[in-house]
Structure formats: C-alpha cells, structure tokens
Amino acid sequence: MTTPAAINYDVYHDESKEAGYWHGILLVPCHTRSTILKHLATIRQKTGFDLPLSLKDVKGYKDRFQCSRAAVQLAINAMIQDNKGTIEEVYISTRNYDPHGERPATEFREIISIAEPLGMKFIVFRERDCFKFLDPRGDFLDYGAKVETTFRMGFKGGLHFLFSDDTPSIISSIHFDGCLHHKRHMDEERIVGRLKQSLRHYCQISTSLIIDDQSSDHRQSGHAQSYDDCQFLQITDLLIGSFRTVLADKKNEAQAAVAAPVAELVKKWKCGRKRMKNSRWHRSFCISQCHLQDSRWQFTTLPAKGNDDQLSLPFS
C-alpha cells in the first residue's frame with residue numbers, strides 16, 4: 001500500500017483571556033493558502049476595510065463588522081475537508097428600505113463562491129483557570145512559559161485528533177501574535193523541542209521550522225510579520241474570539257452575529273463522534289479544555305456532554 005504524502009501546514013496562534021485562557025491554533029495548508037488569501041483580499045476590497053481584524057473591536061454594524069463577519073464565513077467554509085459536491089458562498093449585507101413593507105430590510109450579496117476543499121483546521125484549547133494554579137508564585141514559570149506549556153499540550157492533542165496514518169502532516173512554520181505581552185520571544189525549545197519527543201509518527205515538525213512572534217498588525221512596518229501572515233493571525237483572532245463568544249462569553253450582539261457560523265460548528269460538535277464522522281467538517285476542528293487539580297492536569301471535553309459519545313482529544 002502506498003503511504004499518503006504528508007501535507008505541509010503553516011500554524012497561527014492567538015489567545016483570548018476572557019472566561020479562562022483560550023488558545024486558538026489555525027492550521028493552513030501550504031498548497032491552498034494563496035487561494036484563501038485571494039478570497040480574503042476580495043472581502044477587504046468589497047467591504048472597503050483594510051485595518052487589522054479583531055473580534056474585540058467589533059462594536060457596531062459598519063465596515064469592520066461586514067469584513068469580520070465575511071472573514072469568519074470564509075474561515076468556516078475553508079475548514080471543510082470534503083465539499084461533497086456543494087458550493088459554499090460568502091455574503092455581505094446592506095441595509096435598505098422596503099417600500100412594500102414600509103420598513104428597513106437587509107439585502108445579502110454573494111461575493112465569493114468556494115467549490116473546492118481548502119483544508120484549513122482549527123484547534124480550540126482552553127485552560128479553565130487562566131493559569132491561576134500553574135506555579136502561582138512564578139518560582140519556575142514566567143507568564144510566557146505558562147502560555148508555551150499549555151500551547152504545547154493543546155497543539156499536541158489537536159494534531160493527534162485531526163490527523164492520522166491516512167492524512168499525515170508536516171508543520172512548516174508557527175506564528176504567534178506578538179511577543180511584547182510576553183516580555184520576551186517565544187522559547188522554541190519549550191514548544192518544539194519537547195513536542196518532537198512525543199508526537200505520533202503521522203505528525204512531524206519540519207527540520208527547517210520557522211517560528212515568528214512579531215506583531216500581527218500589518219500597519220507596523222519593520223515590526224510586523226509579512227502582510228499575508230498578519231492576515232492569517234487576524235483570522236485566528238476572529239475564530240478564537242468567536243468560539244469563546246459561543247461557548248462562554250458574549251460581549252455584544254454584533255460580535256455574536258460575527259460568530260454565528262462558529263455557533264453552527266459547535267452544534268455539530270455537540271452531536272458527537274458518529275455525527276461528526278459524516279460531516280463535511282470531519283477532523284477539521286476540535287474543542288477541549290484542561291485544568292490543574294491536586295497538581296495534576298485534568299482534560300475534559302468542551303462543551304460538556306451528557307452521553308458516552310464524547311469527542312475528546314488524545315493527549316498521549
């Protein structure tokens with residue numbers, strides 16, 4: 001039997017610190033990234049918005065909202081692993097006046113059609129207590145080390161869940177959203193050195209791995225990552241903010257509207273393993289959480305389910 005060729009992925013990380021510490025980890029196939037970026041450029045052109053995207057900045061329904069909502073639609077559609085003959089569409093909307101109903105009306109306009117699978121994947125991993133019990137006095141771990149340690153756990157479990165012998169992967173680069181709030185650069189040894197020792201054989205780290213932790217703000221010339229990498233970091237921000245909004249903490253109605261496609265994914269996840277196996281999003285995303293109890297890590301399904309068909313991540 002022929003061994004399937006491994007697919008190379010670029011990885012993007014962002015965080016949310018509301019109702020726990022949330023890691024959002026986006027995996028972008030190297031062979032489809034240019035197509036995804038082309039679609040995002042269309043969204044920016046059609047909405048006339050080219051500022052950085054972040055869910056926390058969505059507070060109304062103007063250009064930022066339109067661009068953010070369309071970008072989340074794009075991301076969710078790009079996470080489909082098997083289109084099964086369907087064509088997915090991305091919409092923006094305008095508010096008009098309906099003379100017949102004598103009231104305001106919303107008109108939706110398609111701006112993108114996606115016919116081929118783009119293969120993105122996303123890992124949601126929450127540390128429930130926001131590091132409260134992880135070396136609380138800081139004797140051994142600074143804040144950056146706590147981020148790196150829990151990132152490594154979530155990343156490992158996610159890779160083991162999302163890939164298999166039939167779908168091997170190689171991680172080509174890892175991008176973090178800025179190092180200033182960690183007060184230092186990311187520690188490659190703590191992340192990758194320890195990860196290499198415990199990954200299953202179908203998940204590999206490239207020997208020429210790139211780690212970039214410059215800013216995700218594409219306006220910061222000389223201090224930011226490439227424009228394209230900034231765009232994927234901003235999509236990661238929108239996605240992890242949307243998952244947090246759906247699972248834990250809604251800030252306002254505009255953010256909830258941006259997160260609506262993620263709410264549909266969470267519904268599918270709640271249906272359990274058997275239903276997800278038949279989904280077009282099978283092995284495209286995973287959701288889990290951890291917490292320390294009696295100095296030992298406990299891993300639980302997020303959101304909690306009341307049956308035996310839980311979708312839990314394999315951390316070993």
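Look above for the structure.
Within any chain, residue numbers begin from 1 and follow the written order of that chain's sequence. With the structure being a predicted model, the display of local features is reserved for residues of pLDDT at least 70 and the display and counting of side-chain atom pairs for 80 or more, all residues being used for whole-chain, interface and lining totals. The side-chain values count all of the structure's non-hydrogen atoms but skip hydrogen atoms and water molecules.

Draft legend 1. Representation of the packing of helix 1 (residues 33-47) against helix 2 (residues 63-78). Angles shown run from 0 to 180 degrees and are taken between the N-to-C directions of axes, each axis being a line fitted to C-alpha atoms and, for helices, limited to the stretch in contact. By the criteria applied, helices consist of DSSP H or I runs no shorter than four residues and strands consist of E runs no shorter than two, each listed in order from the N terminus. One way to put it is that helix 1 packs onto helix 2 with a least axis distance of 9 Å and a crossing angle of 160°. The pairing of helix 1 with helix 2 is recorded here as roughly antiparallel in orientation. Two packed elements cross with a definite hand, and for helix 1 against helix 2 that hand is right-handed. On the side of helix 1, the interface is formed by I36, H39, L40, I43, R44 and T47, while helix 2 contributes D63, Q66, C67, A70, A71, L74 and A78. Charged means Asp, Glu, Lys or Arg here, nonpolar means Ala, Val, Leu, Ile, Met, Phe, Trp, Tyr, Cys or Pro, and polar covers whatever is left, Gly included. Looking at the contact of helix 1 with helix 2 residue by residue, the classes come out as 8 nonpolar, 3 polar and 2 charged. Roughly parallel here means an angle under 35 degrees, roughly antiparallel means over 145, roughly perpendicular means 65 to 115, and every remaining angle is called oblique. Left-handed is the label given to a crossing in which the near helix is rotated counterclockwise from the far helix by less than a right angle, and right-handed is the label when the rotation is clockwise. Only heavy atoms matter for contacts: two residues are in contact if any of them lie within 4.5 Å across the pair.

Draft legend 2. Structural view of helix 3 (residues 143-162). Between the first and last C-alpha of helix 3 there are 28 Å, a value that for 20 residues agrees with the 28 Å anticipated at 1.5 Å per step. The element helix 3 is largely enclosed, with a buried count of 19 among its 20 residues. The length a helix should cover is 1.5 Å for every residue beyond the first. Residue exposure (1.4 Å probe, protein chains only): buried if accessible area is under 20% of the type maximum, exposed if over 50%, otherwise partly exposed.

Draft legend 3. View of the pairing of strand 2 (residues 21-29). When you tally the buried positions in strand 2, you get 9 out of 9 residues, the bulk of the element. Two strands pair under a simple rule: DSSP has to find at least two bridges between them. Pairing between strand 1 (residues 7-16) and strand 2: 8 bridges, direction antiparallel. Across the sheet, Y9 pairs through a bridge with P29, a residue of strand 2. Turn length for the strand 1-strand 2 hairpin, with the two strands adjacent in sequence and antiparallel, is 4 residues, and the turn residue A19 shows positive phi of about 60°. For strand 2 and strand 5 (residues 121-127), the ladder comprises 7 bridges, and the chain directions are antiparallel.

Draft legend 4. Region of interest: the pattern of salt bridges. Salt bridges are counted wherever a side-chain nitrogen of Lys or Arg sits within 4 Å of a carboxyl oxygen of Asp or Glu. For the structure shown, the criterion picks out 17 salt bridges. The partner of K17 in a salt bridge is E15, and the shortest N-O contact between them spans 3.8 Å. A relative accessible area of 45% places K17 in the partly exposed class. Two residues, D229 and R33, come together in a salt bridge whose shortest N-O distance is 3.3 Å. Taken as a pair, D229 in helix 5 (residues 227-247) and R33 in helix 1 lie far apart in primary sequence, 196 residues in all. This pair shows no difference in class: D229 is buried, exactly as R33 is.

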